[in-house]
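Report on the structure
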Amino acid sequence: MGRITARRPVTRVTIGGGESGTDAARRRPDALAVEEPLEIRVRGTSLAVTMRTPGHDVELAAGFLVSEGVISRGDQFRSAIHCGGPGTGPGSDGNTYNVLDVSLAPDVPPLDPDLARNFYTTSSCGLCGKASIDAVRTVSSYDIALDEAVVPAAVLAGFPDELRRQQDVFDKTGGLHAAALFDAATGEPLVVREDVGRHNAVDKVVGWAVLNDRLPLRGTVLQVSGRASFELVQKAVMAGIPILAAVSAPSSLAVELAEDSGLTLVGFLRGASMNIYTHPDRILLAG
């Protein structure tokens, strides 16, 4: 797993698990999900720092740029290179792989100075630091209300289990969120990504689409392992995804944005039951 996981010693306590029902403690190694900062630069200008699980960094940066409205097509993303980090000059230990500089196509306008964030986003918050509430509702290049994608409820119900089956790092650490993209017509998984931040996992999925020139993601379903927050709805809308499903609850603002944007939002997708909060016509029920 490389830098995706780290092993640390822990003291494992089992209450009543010793001789004659006494508490037992033993020292053992434990696998942890790695969390490190990634500074995203665009044309040499620092844009943001996010706490993430290393791996698929280029996808993360590409998806983040879509979420922020900087790019909306695959051909606008040219390349990206890890360029070191603080103290990586002469005599340092070398590249930290925690700074990524992105090159964009010449027709992409220069960054809006108001877009730059002068602090980091945590692994639990992907919208922290917006200059104003107005800036949160980024305008998408795609009108997902026109997307005619549909998915049978019985097929949708199987997505959480398929997502869970592909969470390799979660199996080792128990500490990662995940996001998966499914083809609504066939039910086939297209890509699965894990990260300590649920928003990063979604950005990696969207970034995969950028690097494979698949935007907008018409006819797809985004399945996430946790709750459906406003920021995840926002990211789905920006990528042109018409259906977002979560195993847990949505927030009120997430439902409001989904309704306004034409996105079908499903929550509490567990076993044979689900709650459809917006635009239920895309979910086909058995006759």
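Per chain, residues are indexed from 1 in the order of the written sequence. With pLDDT at 70 or above as the cut-off, local features in this predicted model cover only qualifying residues; side-chain atom pairs require 80 or more to be listed or tallied, and sums for whole chains, interfaces and linings still use all residues. Side-chain numbers here rest on the full set of heavy atoms in the structure, without hydrogens or water.

**Focus on the overall build of the chain**
Runs of H or I in DSSP of at least four residues are treated as helices and runs of E of at least two as strands, each being numbered from the N terminus. Check the secondary structure of the chain and you find seven helices and 15 strands. Looking at the chain as a whole, 48% of its 287 residues qualify as buried. In what follows, a contact means two residues having at least one pair of non-hydrogen atoms within 4.5 Å. Residue pairs at least 24 apart in sequence account for 55% of intrachain contacts in the chain once pairs closer than 6 positions are excluded. In short, Shrake-Rupley with a 1.4 Å probe defines the accessible areas, and a residue's cover is counted only from the protein chains shown. Summing over all exposed atoms, the chain offers an accessible surface of approximately 13500 Å²; the carbon and sulfur share of this is 52%. Only protein chains enter the accessibility calculation, which uses a 1.4 Å probe. A residue is then buried if its area is under 20% of the maximum for its type, exposed if over 50%, and partly exposed in between.

**Overview of the confidence of the model for the chain**
Here the chain shows a mean pLDDT of 86. Residues at 70 or above account for 84%. Low pLDDT (under 50) marks residues 87–92, which in the prediction has five contacts with non-local residues, meaning those over four places away or in another chain. Summary of the metric used: pLDDT quantifies the predictor's per-residue confidence within the range 0 to 100.

**Some thoughts on the side chain of R282**
Note on placement: R282 falls in the loop between strand 14 (273–278) and strand 15 (283–284). Two residue types count as positive, namely Lys and Arg, and two as negative, namely Asp and Glu; His and chain ends fall outside the count. Salt-bridge detection follows one rule: a side-chain nitrogen of Lys or Arg within 4 Å of a carboxyl oxygen of Asp or Glu. No salt bridge is formed by the buried R282. Its closest oppositely charged neighbour is D147, at 5.0 Å. The term polar contact refers here to a pair of N or O atoms within 3.5 Å; inside protein, the definition further demands a hydrogen-donor-capable atom paired with an acceptor-capable atom, and it admits residues adjacent in sequence only when both atoms are side-chain atoms. Among the polar contacts listed, one links the side chain of R282 to the side chain of T264, at a separation of 2.9 Å. The residues touching R282, leaving out its near neighbours within four places in the chain, are I144, A145, D147, A149, V150, V151, P242, I243, G262, L263 and T264.

**Some points on the sheet that holds strand 13 (residues 264–270)**
Here, any two strands with at least 2 DSSP bridges between them count as paired. Here six strands make up an open sheet; going across it, the order is 10-9-11-12-13-14 and the pairing mixed. Of all the strands in the sheet, the pair left with one neighbour each is strand 10 (189–195) and strand 14. Neighbour to neighbour, the strand axes of the sheet diverge by 20° on average, direction disregarded. Relative to strand 12 (residues 243–246), strand 11 (residues 220–224) runs parallel, the two being bridged by four bridges. What sits directly across from V224, in strand 12, is A246. An axis is simply a line fitted to the C-alpha atoms; with a helix, the fit covers only the stretch in contact. Between two such axes, the angle follows the N-to-C directions and lies from 0 to 180 degrees.

**Looking at the environment of S140**
Structurally, the position occupied by S140 is in the loop between strand 7 (120–121) and strand 8 (151–152). Sequence spacing of S140 and V66 is 74 residues, and the spatial spacing of their C-alpha atoms is 9.0 Å. In this view, S140 contacts V237 and M238; residues no more than four positions away in its chain are not counted. Only 3.1 Å separates the side chain of S140 from the backbone nitrogen of Y142, close enough to count as a polar contact. In terms of polar contacts, S140 uses its side chain to reach the backbone carbonyl oxygen of V237, at 2.9 Å.

**Brief notes about helix 6 (residues 230–239)**
With respect to burial, helix 6 is a largely interior element, ten of its ten residues being buried. Listed as buried for helix 6 are F230, E231, L232, V233, Q234, K235, A236, V237, M238 and A239. Looking at the buried residues of helix 6, the elements they touch are helix 1 (57–67), helix 5 (198–211), strand 11, strand 12, helix 7 (252–261) and strand 13. Once helix 6 ends, the next one or two residues include G240, with phi positive near 80°.

**Regarding the environment of V255**
Along the polypeptide, V255 turns up in helix 7. Overall, V255 belongs to the partly exposed group, its relative accessible area being 22%. Once the C-alpha coordinates of V255 and S229 are considered, the two residues, 26 residues apart in sequence, prove to be 8.7 Å apart. In contact with V255, not counting residues within four places along its chain, are P250, L265, Y277 and T278.

**Here we look at the pattern of salt bridges**
Throughout the structure, instances matching the rule amount to eight salt bridges. In this structure, the salt-bridge partner of K204 is D195, at a minimum N-O distance of 2.7 Å. Accessibility classification places K204 together with D195 in one group, the buried group. Through salt bridges with shared partners, a single network forms among R73, D75 and D107.

**Structural notes on helix 7**
Looking at helix 7, one finds that the buried residues are A254, L257, A258 and S261. Down the axis of helix 7, the buried side of the element spans an arc of 100°, and every buried residue falls inside it. Exposed residues lying more than 90 degrees from the buried face of helix 7 are S252 and D260. Against helix 6, strand 13 and strand 14 lie the buried residues of helix 7. Directly after helix 7, the chain includes G262, whose backbone phi takes a positive value near 85°. Each C-beta atom gives one direction from the helix axis, and the arc is the one those directions make.

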